[in-house]
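Take a look at the letters that make up each chain.
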There are 2 protein chains.
Amino acid sequence: MSWKIARDSLKEIDLVNEESLFFLGNGYIGVRGNFEESYGRAVPTVRGTYLNAFHDVIDIPYGEKLFAFPETQQKMLNVIDTQTIHIYLGDEKEHFSIQEGEVKEYTRKLHMDEGKAERNIRWKSPLGKEIDVCFERMVSFVHRELFYIKVSVTPVNFNDVITIVSIMDGDVENFVDASDPRVGGGHAKLLHVQEADTIEESGFLRSRAESSGLEMACLSFHKGLDDKLVDISKEADDQRIIFTYQTQGRQEQPVEFSKWNIYVDDLRHSGELKQKAQRIRGQLETIDDFQLAKAQRKYLETFWERSDVEVDGDDDLQEGIRFNLYHLLQSAGRDKYSNITAKGLSGEGYEGHYFWDTEIYMVPVFLMTAPDLAKQLLIYRHSILDKARERAVEMGHRRGALFPWRTINGKECSSYFPAGTAQYHISADIAYSYIQYFLATRDESFLLDYGAEVLLETARLWVDMGHFRKDGTFAIDNVTGPDEYTCVVNNNYYTNSMAKYNLEWAYKIYQMIKEIDGNYFEILSERLNLWDKEVESFKRAAEAMYLPYDEELGIHAQDDTFLQKAVWDFENTPKEHYPLLLHYHPLTLYRYQVCKQADTVLSHFLLEDYADEETIHNSYNYYERVTTHDSSLSTCVFSMMASKLGDLEKGYQYFQGTTRLDLDNTHNNTKDGLHMANMGGTWMAIVYGFAGLRVKENGLHLDPKLPKQWNSYSFHIHYKGSPVKVKVTDEKVSLTLVEGEQVSLWVNGEEIQVKRNEQATLSY
Amino acid sequence: MSWKIARDSLKEIDLVNEESLFFLGNGYIGVRGNFEESYGRAVPTVRGTYLNAFHDVIDIPYGEKLFAFPETQQKMLNVIDTQTIHIYLGDEKEHFSIQEGEVKEYTRKLHMDEGKAERNIRWKSPLGKEIDVCFERMVSFVHRELFYIKVSVTPVNFNDVITIVSIMDGDVENFVDASDPRVGGGHAKLLHVQEADTIEESGFLRSRAESSGLEMACLSFHKGLDDKLVDISKEADDQRIIFTYQTQGRQEQPVEFSKWNIYVDDLRHSGELKQKAQRIRGQLETIDDFQLAKAQRKYLETFWERSDVEVDGDDDLQEGIRFNLYHLLQSAGRDKYSNITAKGLSGEGYEGHYFWDTEIYMVPVFLMTAPDLAKQLLIYRHSILDKARERAVEMGHRRGALFPWRTINGKECSSYFPAGTAQYHISADIAYSYIQYFLATRDESFLLDYGAEVLLETARLWVDMGHFRKDGTFAIDNVTGPDEYTCVVNNNYYTNSMAKYNLEWAYKIYQMIKEIDGNYFEILSERLNLWDKEVESFKRAAEAMYLPYDEELGIHAQDDTFLQKAVWDFENTPKEHYPLLLHYHPLTLYRYQVCKQADTVLSHFLLEDYADEETIHNSYNYYERVTTHDSSLSTCVFSMMASKLGDLEKGYQYFQGTTRLDLDNTHNNTKDGLHMANMGGTWMAIVYGFAGLRVKENGLHLDPKLPKQWNSYSFHIHYKGSPVKVKVTDEKVSLTLVEGEQVSLWVNGEEIQVKRNEQATLSY
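Reading the values: the criteria
- Residues numbered from 1 in each chain as written.
- Chains lettered and ligands numbered in written order.
- Predicted model: local features only at pLDDT ≥ 70, side-chain atom pairs only at ≥ 80, totals over all residues.
- Axes fitted to C-alpha atoms, helices over the stretch in contact; angles between N-to-C directions.
- Helix = DSSP H or I, 4+ residues; strand = E, 2+ residues; numbered from the N terminus.
- Left-handed = near helix turned anticlockwise from the far one by under 90°.
- Contact = placed C-beta atoms within 7 Å.
- Nonpolar A, V, L, I, M, F, W, Y, C, P; charged D, E, K, R; others polar.
- Least-squares fit on C-alpha atoms with pLDDT ≥ 70 in both.
- Buried ≥ 20, exposed ≤ 12 C-beta atoms within 10 Å, placed from the backbone.
- Pairing = 2+ DSSP bridges.
- Parallel < 35°, antiparallel > 145°, perpendicular 65-115°, else oblique.
- Expected span 1.5 Å × (residues − 1).
- Arc of directions from axis to C-beta.

How do you make sense of the packing of helix α6 (residues 371–383) of chain A against helix α8 (residues 425–441) of chain A when you look at a structure like this?
Pairs of packed helices are described in terms of their axes, by the angle between the two and the distance that separates them. Residue and element names in this part refer to chain A. Interaxial distance between α6 and α8 falls to 11 Å at its minimum, and their mutual angle equals 145 degrees. Considering only the axes of α6 and α8, their crossing is left-handed. Contacts between α6 and α8 involve Pro371, Ala374, Lys375, Leu378 and Arg381 from the first element and Ile430, Ser433, Tyr434, Tyr437 and Thr441 from the second. Its residues assigned to classes, the contact of α6 with α8 shows six nonpolar, two polar and two charged.

Here it is, written out as structure tokens:
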């Protein structure tokens, strides 16, 4: 099956969406799929290069500002542009551009096995000169700081001078769309060039963010310049560096060179950025284009070997699934400063902030395909734990950690608290993720070094946040669950159940550490000033946790008052009024039973042991009727639950809607960036949905089913460091250890040993 | 007893507070009690002149803007300054100012019987020249557009030239304090001079508000200029007009003149503002200083005759009570464009917006002391009914009128909706006020012309807003009651009970109109497209209205979830953490049982027949324990209810806290303007509290009691156009008809005829 995404449209709307679809990244650098030569003035574009977590700080305005409303937020910056390369033909300097002349052939491809994007054009200039142009670009998975472009220009029907102008541009801004609240609304120009210099054959630009003071720099140089391509000039003004090369082009003889761009920033690169960039250049000098490409292929070969999903029976879905997994890989931060932004590194939507969807929709994917990346994502959360502690105090708590709803550097960035800070569940979501990580890896040292502190501090928050009522139940008031059409309520089922899990495991882990490492246990207790008595309160709160239940309907109520409200008048709501949040005031939405996304149903997925099957079934049916799926995080959950509950057909329908959301631009905003959580959700709909994976205390459980549209499918999971390939056919499931130690897995309740060189096959 | 408020402090903090305390107004113009000569640069001051409802429109910023969040708000503007008058002595031109030389005597007075403020100073210049200076100022109750200053300068120990510089200054700004959310946070300079001109002996300035385009103008001229005071120059630049006069001062011979300032604006004054101002000048030319003062005295004589409150036994409270009543009179708008701002016309706090407190805390005062002013306030609400209809649609309602939480021109100005737009009760509060007006005046034509439409449209809103539940009750979800520490809840008792009253009376009025005027009834029904069937739904909703009740506590619950929450930890809350809203995030406050102000208790006051006495008693006790009175609207309500429930001592304690709130600056923000609602509340604490007044369907009810600290007290009430003086002594209450037709009142359940020339006295 194909490893390529190919496109050949030159329509404006497609081009701007493809800027997201063809973005390249490695978790550190992200470069949108812009055209090197640009489109011309009038065409809408979001030209962008990003460094994960590299941000400025901007003021948040309020009409009425109340206590502890965040005063500032962070904003991921569009950084120095190195994409720009112009080609001029002849003495007339005809500029190669799709806006001029005639495009005779055109195709662009994303190679998900080779880790590169390729663009091929045959173009005829207004004066009749034809060329074949090929751009290949790569953001290296192996060399974190490298963005690479390879250019080839071949005269088809002429011999004449060819001029290449390659630019490093520091005069960049962020994209602004005042009309859409989901895109940044101002503060375009925040990054300012401090230094523009040419060193030997390279150019160097260093820029500083206006308020955060963070600096980033870029060093670019070209390879493959020989007698054919002569260096004409290198100019640096105060904003940009322009390299100009020239050659006498000859028919059918390609002119080729590559542009190597090294990005550094002072979050990661201590010391002087210029020296650091030069040192990296020194390392890269020893590598040629061929070696670079090979290393990239090798990296991806390993990745796919341990994580590929194959679907036999639907090529479009197959394409979508791999595409999603690939972009997740490109977007995941790999250091303690960064995580996965809501749009990955593909665009500026949500201003490069990290949300709860990392833990609930993306970490599960990495946990099963590349656990080391999952670990990195969790390390990031640990790195902002102190800020979460500070925020808890600011929010009036005596102790504990309250993680920010949206953030880059750990400080809360949400200015609309009912669908922001009130979503306390993010703290439990993060805890959940640590627990899942521990259960899937059994990595005790990570638990001690990182997990314990996060689990204990979030548990503390819940005890401080909630209260025991007269009837002995433990209640949590005044929070917002995942469903943002119902805000600031008491005893949100999702929040309470997740908090219960958080508290239970904090208690367990505390006892576990005592056993694993008595010394460390002493140190930790001392440092956190946390003792048995307080930890006993975790257990008590967990046991007494109130989980609202409606006897009549036989479902868990979303919160204390949800079921008492009137049901939204779906029948008389015109189609064009969706998504509702763009057409109704929050007070209107909050007044009705109407959900933006899975809420109670999501809890039933994450914590299926907290409710019996009948209740889960009833809840699914009830909430499905009042859910609009206005959030892209919704349908994948309904897909997984439909599969669980035996309605594979419906599970498949929901799944179909998720898989190609960005490829087909079904939400009409792919230009602002890809929907990362949905991408994770697609993978989960297969592995957790059709195949029924659950990570539980006693191990990994599968309950595989095969959608009737498919002949078979396979995927990978990781348990205790061992990747296992799972293949599901019409009646059978087979398990193959890809590498590592043998492990045992549960399939339909039966424990199966997966051994080396031995495929375990069983009927289901 | 005294009609004067006197002060003699020159401390900075006192001076800036006295700018509010000594403000002068007439419902149209408001002038703060600034010093004509100013204090000097370093002294904090809010120099201001306001025209009620004269505003600009400014953008409201949001970090995250959602659907139907108001994009702009109105802001009352500080307008052209005419207060400024400088006095210079001798050829050295020594400037008279309290910052220089020596103040040998100083006193300022507010004359509440004469309607003027007076300031007397004996001042010795640095070079030893002594003068007596007297400023008298008045904003005329008779001539709406007139602000008048009379100046007298008497040399005490010298003969030398005296120079007077009198200024009209168009270069004005609004006050800005970025640190306090209750004051405007920016947008200082919004009014720009369009025309500066001298016409004959007068100066004329016309200015335009930047965005609203509203214009205002001022024409100033001086009287009393004779051979003594010679006109030296009249200069107009593009911002101001400067009049300079000179005389040869002689020992003990006063130099006197008056400055007449005519304010007009194009909300009220159609046509060309200059012509209009000149025409008014023409009228005022015929009046001398003496006649002007006499007319003012006459106006106040009539007012006090019908509205004074006298307390025998506490001079400080007496001073406070009259002071409050006087400032209410000065602040009440008298046309359809204006109402009473939260700070009256005394300052810029809350940006000159009108809130619900007009109806609940101020209209009752006017209804009983000057019903014509109450009527004007209601007419204003009728004038913004169309905007309230539009807002209802914008907020997703199919019909009805939703009044804005804060506004000047009728458009919603609140940007924090949980304590803004969510306070739907304002629509019922306005309806309540119309009903009370009708019950106290029996003015049927007003009911037909104004009241009916407001009552019917607000009733419509409630039917659309609420819903019938399975158990047959009518519920109203997702609102905020008066208590702003508990936001966006279901079935707030206050809101539901007020809506019930609204609905009941809309139904009654509808039937009533049918009887009174069948023709008009047809026209109205047609116009509103409102028919019997819909009106029947008002009745059904009113009857089925759900009023949450807690069996165990025997109280009405503030809302569906209030009593389930934890009680605020008052014991461990340090004193300096009050008011809580300045020290805790809303999410923290909303999580606990803690009230900023009376909520359920307020409903028990307004609608005492909706609950039995025991429930009311229990509620009072319960809510008192969790109420912080962080709002200045709270203690007066608790005072009235304590009196009602027989705890006169506590009623008196609460009352004491309210009476001198501004005079003693107990809330530390009197500089931003007076607390108008509290001023109304003070009067209500006497008349509704100690004397037990209630306006009911069958008439006015009294239930008088005498606080033991007093020998007696008296006040006035109006019923069906007849003012009645009520005097309460230790054991007796006497009723005297001041003028008009005889009326009957209920005293302790007994109907009493109050006839001409016959005092009705009875024991209570």
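When you look at the relation of the copies chain B and chain A in this model, what are you seeing that I'm missing?
Between the two copies of this chain, the relationship is a rotation about some axis together with a displacement along it. The transformation that overlays chain B on chain A combines an axial shift of 0.0 Å with a rotation of 180 degrees, and the residual RMSD is 0.0 Å. Here the symmetry operator amounts to a two-fold rotation axis. Here 100% of the interface residues in chain B have copies in chain A that are interface residues too; the copies meet face to matching face.

How should I be thinking about the interface of chain B and chain A in this particular structure?
Quite often, the size of an interface is put as the accessible area lost when its parts meet. If you look at the interface, chain B gives 39 residues, while chain A gives 39 residues. When residues in the side of chain B that touches chain A are grouped by element, the largest group, four residues, is from helix α13 (residues 586–590) of chain B. Residue composition of the side of chain B that touches chain A, grouped by class: 20 nonpolar, twelve polar and seven charged.

Is there a simple way to think about the pairing of strand β32 (residues 743–747) of chain B in this case?
Remark: a regular strand shows side chains that alternate across the two faces of the sheet. Residues and elements named next belong to chain B. Burial of the side chains of β32 is restricted to one face: Val743, Leu745 and Val747 are buried, whereas none of Ser744 and Trp746 on the reverse face is. Judged from the two bridges that link them, strand β28 (residues 699–702) and β32 form a sheet pairing that is parallel. Within β32, the position partnered with histidine 701 by the bridge is tryptophan 746. For β32 and strand β33 (residues 750–754), the ladder comprises five bridges, and the chain directions are antiparallel. Directly across from leucine 745, in β33, lies its bridge partner isoleucine 752. The hairpin turn running from β32 into β33, its antiparallel successor, is two residues long, and asparagine 748 in that turn takes a positive phi close to 50 degrees.

Please clarify how the pairing of strand β29 (residues 712–719) of chain A should be interpreted in this entry.
Residues and elements named next belong to chain A. The buried count for β29 comes to six of eight residues, which makes it a mostly enclosed element. Pairing of β29 with strand β30 (residues 722–728), which is carried by seven bridges, proceeds in the antiparallel orientation. Looking at the pairing, tyrosine 713 lines up with valine 728 of β30. Hairpin connection of β29 to β30: two residues between the antiparallel strands, including lysine 720 at a positive phi of 50 degrees.

Where do I start with the sheet that holds strand β29 (residues 712–719) of chain B in this structure?
Sheet strands pair via backbone hydrogen bonds, and the direction of the pair is either parallel or antiparallel. All names here are of chain B. In spatial order, the strands read β20-β29-β30-β31-β34; together these five strands make up an open sheet with antiparallel pairing. The open sheet has two edge strands, β20 (310–312) and β34 (760–763), and neither has a second partner. Each neighbouring strand pair of the sheet contributes to a mean axis angle of 20 degrees, computed without reference to strand direction.

Teacher, can you tell me more about the packing of helix α17 (residues 648–659) of chain A against helix α18 (residues 676–690) of chain A here?
All names here are of chain A. Where α17 meets α18, the closest approach of the two axes is 9 Å, and the angle between their N-to-C directions is 155 degrees. As summarised for this structure, α17 and α18 are arranged roughly antiparallel, according to the angle between their axes. In this structure, the crossing between α17 and α18 has a hand that is left-handed. For the pair formed by α17 and α18, the contact residues are Gly651, Phe655, Thr658 and Thr659 on the first element and Asn678, Gly681, Thr682, Ala685, Gly689 and Phe690 on the second. Its residues placed into classes, the contact of α17 with α18 shows three nonpolar, seven polar and no charged.

It is not clear to me how helix α6 (residues 371–383) of chain B should be interpreted in this structure. Could you clarify?
Residue pairs spaced three or four apart in an α-helix point in one direction, given the helix's 3.6 residues per turn. Residues and elements named next belong to chain B. Between the first and last C-alpha of α6 there are 18 Å, a value that for 13 residues agrees with the 18 Å anticipated at 1.5 Å per step. Those residues of α6 that fall on the buried side of the exposure criterion are Pro371, Leu373, Ala374, Leu377, Leu378, Tyr380 and Arg381. The arc that holds every buried residue of α6, seen down its axis, measures 170 degrees, which confines them to one face. Residues of α6 that are buried in the fold lie against α5 (357–369), α8 (425–441), α9 (444–465) and β29.

Teacher, can you tell me more about unusual backbone geometry here?
Note: most peptide bonds trans; most residues except glycine with negative phi. Between tyrosine 578 of chain A and the following residue, proline 579 of chain A, the backbone shows a cis peptide bond with an omega angle of -5 degrees. Along the polypeptide, proline 579 of chain A turns up in the loop between β25 (566–567) and α13 (586–590). For asparagine 668 of chain A, which is not glycine, the phi torsion reads 60 degrees and is therefore positive. Position of asparagine 668 of chain A among the secondary structure elements: in the loop between α17 and α18. The residue asparagine 665 of chain B is not glycine, and still its phi comes out positive at about 50 degrees.

Just to check I follow, could you spell out the sheet that holds strand β8 (residues 94–95) of chain A for this structure?
Residues and elements named next belong to chain A. With antiparallel pairing, five strands are arranged side by side in an open sheet as β8-β7-β13-β18-β17. What marks the edges here is a single partner per strand, and that holds for β8 and β17 (230–236). Relative to strand β18 (residues 240–249), β17 is paired through six bridges, and the arrangement is antiparallel. Paired with alanine 236 across the two strands is isoleucine 241, which belongs to β18.

Sorry, what's going on with the environment of tyrosine 493 of chain A here?
Within the element layout of this structure, tyrosine 493 of chain A appears in helix α10 (residues 493–516). When near neighbours in sequence (up to four residues on either side) are disregarded, tyrosine 493 of chain A contacts Leu547, Pro548, His556, Ala557, Gln558, Asp559, Thr600 and Ser603 of chain A.

What am I meant to see in the environment of aspartate 169 of chain A here?
Residue and element names in this part refer to chain A. Mapped onto the elements of the fold, aspartate 169 is located in strand β13 (residues 160–169). For the pair aspartate 169 and isoleucine 242, spaced 73 residues apart in sequence, the C-alpha separation works out to 8.3 Å. In contact with aspartate 169, other than residues within four places in its own chain, are Ile80, Asp81, Thr84 and Arg240.

What is shown is where atoms sit, not what they do.
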